[in-house]
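A look at the structure
Now for the letters of each chain:
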Amino acid sequence: MSGLALFGYLIDLLAVLLLALGLKGLSKVRSARSANGLAALAMGLAVVGLLIQLAPSPVAWLWIAVGTAAGGLLGLITARRVPMTSMPETVALFNGCGGMASLLVAIAVALYNSAASDMVALVSIVISVFVGAITFSGSIVAMGKLQGWIDTPGWTQSQVRHGVNIAIAIAALVGAFSLPGDPAGSSLWLLVVASSLLGIGVTLPIGGADMPVVISLLNSYSGVAAAAAGFVVNSQLLIVAGAMVGAAGLILTQVMCKGMNRSLVSVLFGGALGGGAPVGGGGQEAGYSRIVSCSPEECAMALENAERVVFVPGYGLAVAQAQHALRELAKMLEANGSEVSYAIHPVAGRMPGHMNVLLAEADVPYEQLLEMDTINPEFPRTDVVIVLGANDVVNPDAKNDRNSPLYGMPVLEVDGARQVFVVKRSMGAGYAGIKNALFELPQTAMVFGDAKAVLNGLLSELRDLGVGKKAA
Ligand code: NAP
């Protein structure tokens, strides 16, 4: 091995270490931002390492430089333009790109590299094509469903879909097993087409509240596909990075399944949870019999005298971008002598950690963010709970109604508090598209309006009550 190639390998090794450190740092809110920077640096070093190992090959360098610049620019534009509320769709798209890259690499090697005839290379190509194609088509369907572009067809909710998926899987197996005799011919294309259809067939029936789990699983698949592509092109860096992404995605999938009390099998084969609702939120106004609404003024009066206040942020808070107004209100209440905390549900919002990121933007102290298991026993000694644009994650039917699509999902038990104010714009449903029994309870009052407008209203009412002066 030449000195230059050895130098390239050392850079690869450094990239792997930085990537591992980056992944580790992502597990804590405090270190997440710098960890993300480390992982990006690792990816940059990986490209440099590759350029050095290829030296001097102007044509290959040009292709890599153009690809890196184009991909980097698209990534930069996407990251700057996509709002936080659309992050799951973006993650799904990125997963799809990862799957497609592995798929294309494997196809290219199968078509143009005669060395691809040994058994290890052939098995790697099969895995890379199979997992890469499923990841690509499944992620595009997931993104389309989250955007509301793709509905859940009726037939996918019946047993027919299992028959269809099994038939497609058999076709993919035929392609895989006949590939050694015909690596660049029809077997390859059968495997590509059948695997892509399987990705669509498996993802299409899944809807509503289960989609975050699927996206996380597809993230794991994109890592597996990349690791397999690493074997195809003999890149240790790709193997290690792909394996880390695959394992991290799988762990996240498990954490999310636990948060929703769902098994992975029931997510993948159980049909669309909340599939009848327009995916991505909204939903019909379900029939409620007893609803009490109140003004920000009444809510402010309850807050003025509350010793303990818990805010429950949800998707609507992110839509309204009301995190700064919330922080201001919390500061005012604290200065008035109230104990304030924030109840964080693991799947509140539209991506894991969504609420943590949102509240961190407004400099809410981390120690005030209490996870579900910590805050639930505290609700009975809470005077006032303010639910801000959250719906499914506070629905008591998830505990009490066996027929509810949410049944079994652990929820924030805000119904145990003395008084609950729900801030939302209408009686419209949340992400799962179902009625919320919380809204009809005697201790609940609705404060209708955009979360930011209501919070600003509360701030001015509290100032009128003299709370602002006391705070100052
Ligand atoms: P949710 O159930 O989707 O409810 C959000 C509520 O916010 C709606 O009822 C909506 O009611 C209200 N809202 C919307 N815009 C608002 C605004 N500007 N001001 C005030 N309220 C507003 O949200 P959630 O309780 O956070 O639950 C999350 C759901 O998303 C769960 O079902 C979860 O499984 C699913 N999900 C989670 C993830 C994840 O990883 N976190 C990813 C995808 C899906 P109005 O329209 O009446 O205002």
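Structure shown above.
These lines cover the structure that appears in this document, whether it is placed above or below. Quick caveat: nothing in here was measured; it's all calculated off a predicted structure.

Definitions and limits used
- Sequence positions are assigned chain by chain, starting from 1 and proceeding in written order.
- Side-chain atom pairs in this predicted model are given and counted only at pLDDT of 80 or more, local residue features only at pLDDT of at least 70, and totals for whole chains, interfaces and linings cover all residues.
- Each side-chain value is derived from all of the structure's non-hydrogen atoms; neither hydrogens nor water enter the calculation.
- Numbered from the N terminus, helices here are DSSP runs of H or I no shorter than four residues, and strands are runs of E no shorter than two.
- Think of it in three bands: residues with accessible area under 20% of the maximum for their type are buried, residues over 50% are exposed, and the middle band is partly exposed, with areas taken using a 1.4 Å probe on protein chains only.
- Residue burial considers only the protein chains on display, and all accessible areas are found by Shrake-Rupley using a 1.4 Å probe.
- Think of it this way: Lys and Arg go in the positive column, Asp and Glu in the negative one, and His and the chain ends go nowhere.
- Just so you know, the charge point we use is NZ for Lys, CZ for Arg, CG for Asp and CD for Glu.
- Patch membership needs two things, relative accessible area over 30% and no salt bridge, and members are linked within 9 Å if like-charged or within 5 Å if nonpolar (Val, Leu, Ile, Met, Phe, Trp, Tyr).
- Here, a salt bridge means any side-chain nitrogen of Lys or Arg that lies within 4 Å of a carboxyl oxygen of Asp or Glu.
- Whether two residues are in contact is decided by their heavy atoms: any pair within 4.5 Å suffices.
- Note on definitions. A residue lies near a molecule or strand when any single heavy atom of the residue is within 4 Å of it.
- Ten residues, namely Ala, Val, Leu, Ile, Met, Phe, Trp, Tyr, Cys and Pro, are considered nonpolar, four, namely Asp, Glu, Lys and Arg, are considered charged, and the remaining ones, Gly among them, are considered polar.
- Two strands pair under a simple rule: DSSP has to find at least two bridges between them.
- Here, axes are lines fitted to C-alpha atoms. For helices the fit covers the stretch in contact, and angles between N-to-C directions go from 0 to 180 degrees.
- Angles below 35 degrees are treated as roughly parallel, those above 145 as roughly antiparallel, those between 65 and 115 as roughly perpendicular, and all remaining angles as oblique.
- Put simply, a crossing is left-handed when the front helix is turned counterclockwise from the back one by less than a right angle, and right-handed when it is turned clockwise.
- Think of it like this: strands point away, you trace from the first strand over the helix to the second, and a clockwise trace means the crossover is right-handed.

1. A closer look at the overall build of the protein
- In terms of helices and strands, the protein carries 18 helices and six strands.
- Here the C-alpha coordinates of the protein stretch approximately 80 × 55 × 30 Å along the principal axes.
- Taking all 472 residues of the protein together, 49% fall into the buried category.
- In the form shown here, the protein has an accessible surface area of approximately 21,500 Å², with 65% of it arising from carbon and sulfur atoms.
- Averaging the positions of the 26 positive and the 30 negative side-chain charges in the protein gives two centres separated by 2 Å.

2. Focus: a nonpolar patch on the surface
- On the surface, Leu 6, Leu 10, Leu 13 and Leu 17 cluster together into a nonpolar patch covering about 400 Å² of accessible area.
- Structurally, Leu 6 is set in helix H1 (residues 3-25).

3. What to know about the environment of Pro 212
- Considering the arrangement of structural elements, one finds Pro 212 in helix H8 (residues 211-233).
- Look at Pro 212 and you get partly exposed, because its relative accessible area is 22%.
- Considered as a pair, Pro 212 and Arg 350 are 138 residues apart in the sequence and their alpha carbons are 7.6 Å apart.
- In contact with Pro 212, not counting residues within four places along its chain, are Met 256 and Met 260.

4. Things to note about the site of the ligand
- Taken together, 30 residues are adjacent to the ligand, and Asn 391, Asp 392, Arg 425, Ser 426 and Asp 450 come closest.
- Surface burial for the ligand is 97%, taken as the share of its 920 Å² of free accessible area covered by protein chains.
- Residue contributions to the shell around the ligand peak at four residues, all from helix H12 (residues 315-320).
- Residue classes in the shell around the ligand are distributed as 16 nonpolar, nine polar and five charged.

5. Topic: the sheet that holds strand E5 (residues 419-424)
- Pairing in this open sheet of six strands is parallel, and the strands run E3-E2-E1-E4-E5-E6 from one edge to the other. In the strand order of this sheet, the two ends are held by strand E3 (369-371) and strand E6 (444-448), each with one partner. When the angles between neighbouring strand axes are averaged without regard to direction, this sheet yields 25°.
- Bridge count between strand E1 (residues 308-313) and strand E4 (residues 384-388): five bridges; the pairing is parallel. Residue pairing across strands places Phe 311 opposite Ile 386, the latter belonging to E4.
- In the packing of helix H11 (residues 296-304) onto the sheet, the strands contacted are E1, E4, E5 and E6, and the crossing angle to E4 comes to about 140°.

6. What about the pairing of E4?
- Burial of E4 is extensive: five of the five residues sit out of reach of the surface.
- Residues Val 384, Ile 386 and Leu 388 point to one face of E4 and Val 385 and Val 387 to the other, with burial holding for every one of them.
- For E4 and E5, the ladder comprises five bridges, and the chain directions are parallel. Within the sheet, the bridge partner assigned to Val 387 lies in E5 and is Val 422.

7. Focus on unusual backbone geometry
- The phi torsion at Asn 234 lies on the positive side, around 60°, for a residue other than glycine.
- Looking at where Asn 234 falls in the secondary structure, it is placed in the loop between H8 and helix H9 (236-259).
- Owing to a relative accessible area of 61%, Asn 234 belongs among the exposed residues under this scheme.
- In this structure, Asp 363 takes a positive phi of about 60° despite not being glycine.
- With respect to the helices and strands, the residue Asp 363 is situated in the loop between helix H14 (354-361) and E3.

8. A short note on the pattern of salt bridges
- Tallied over the entire structure, the rule returns eight salt bridges.
- For Glu 339, the salt bridge identified is with Arg 308, shortest N-O distance 2.6 Å. On the criterion of sequence distance, the pair formed by Glu 339 in strand E2 (residues 339-344) and Arg 308 in strand E1 is long-range, its members being 31 residues apart.
- Across the pair Lys 435 and Glu 440 runs a salt bridge, and its minimum N-O distance is 3.7 Å.
- Look at Lys 435 and you get partly exposed, because its relative accessible area is 31%.
- Note on Glu 440: relative accessible area 19%, which makes it buried.
- Via salt bridges that share partners, Arg 308, Glu 339, Glu 378 and Arg 381 belong to a single interconnected network.

9. Notes on the packing of helix H5 (residues 119-147) against H8
- Between H5 and H8, the least distance of the axes is 8 Å, while the angle of their chain directions is 155°. Our classification of the angle between H5 and H8 gives roughly antiparallel. Every pair of crossing elements has a handedness; the one defined by H5 and H8 is left-handed.
- Grouping the amino acids of the contact of H5 with H8 by side-chain chemistry returns 16 nonpolar, seven polar and one charged.

10. As for the side chain of Gln 368
- Here Gln 368 is to be found in the loop between H14 and E3.
- With near-sequence residues (within four places) excluded, Gln 368 lies in contact with Glu 334, Val 340, Ser 341 and Tyr 342.

11. Section: the pairing of E2
- The buried count for E2 comes to five of six residues, which makes it a mostly enclosed element.
- Bridge count between E1 and E2: four bridges; the pairing is parallel. Among the inter-strand pairings, Val 310 is bridged to a residue of E2, identified as Ser 341.
- Where E2 lies against E3, three bridges are found, and the strand directions are parallel. When the bridges of E3 are listed, Ala 343 appears paired with Leu 370.
- Read as a crossover between parallel neighbours, the route from E2 over H14 to E3 is right-handed.

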